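One-letter residues, chain by chain:
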Amino acid sequence: MRLIDADKLIDEINDEEFDTHEDYNKIFDMVDDAPTVDAELVEHGEWLICSDGYYPYCSKCKNEPQGRVMTDYCPNCGAKMDGGDENAEKESN
Ligand SMILES: [Zn+2]
């Protein structure tokens, strides 16, 4: 996977004129040529509670946190514990 700056690319695409089918192929070239950005994907998870009602575990890696401390980030897999992937979209807006 390559991460690119979508806002910058959209600006570039808006600056072009696309009339023919061949012109639209330029879009793929522009996407291909877009420089990648240095960023890390953030996994989103949440602390779930085992059916016994006592032990929290990570929704991503299923591991229990040490001392059952429900930290902001999973100490095992590094997921941000903010409610799972559904919240990932909201956060980026
Ligand atoms: Zn985890």
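Criteria and thresholds
In this convention, every chain numbers its residues from 1, walking through the sequence in written order. Where totals are concerned, whole chains, interfaces and linings use all residues; where local detail is concerned, this predicted model gives features only for residues with pLDDT of at least 70, and gives and counts side-chain atom pairs only at 80 or more. What marks off one domain from the next here is an automatic or database domain assignment. Numbering of helices and strands runs from the N terminus; a helix is a DSSP stretch of H or I covering at least four residues, while a strand is a stretch of E covering at least two. What counts as a contact is two residues whose backbone-derived C-beta atoms lie within 7 Å of each other. Multiplying 1.5 Å by the helix residue count minus one yields the expected span of that helix. Counting other C-beta atoms within 10 Å of its own, a residue is labelled buried from 20 upward, exposed at 12 or fewer, and partly exposed in the gap between, with every C-beta atom placed from the backbone.

Draft legend 1. The domain arrangement of the protein chain, seen in detail. By domain assignment, the protein chain separates into domain 1 (1-39) and domain 2 (44-92). Each of domain 1 and domain 2 was reduced to a C-alpha centroid, and the two centroids are 36 Å apart.

Draft legend 2. Local environment of the environment of cysteine 61. Counting through the fold element by element, cysteine 61 comes out in the loop between strand E3 (56-58) and strand E4 (80-81). Separated by 15 residues in sequence, cysteine 61 and asparagine 76 have C-alpha atoms that sit 7.4 Å apart. Dropping the residues within four chain positions of it, cysteine 61 is found in contact with Cys74, Asn76 and Cys77.

Draft legend 3. Highlighting helix H2 (residues 21-33). Taking 1.5 Å of rise per residue, the 13 residues of H2 would be expected to cover 18 Å, and the 19 Å separating its terminal C-alpha atoms lies within 8% of that figure. Sparse coverage of H2 is indicated by the burial of zero of its 13 residues.

Draft legend 4. Geometry of unusual backbone geometry. At lysine 62, a residue that is not glycine, the phi angle is positive and equals roughly 65°. Residue placement: lysine 62 occurs in the loop between E3 and E4. The backbone of arginine 68 sits at a positive phi, close to 60°, despite the residue not being glycine. In this structure arginine 68 comes out as exposed when scored by C-beta crowding, with 12 C-beta atoms within 10 Å.

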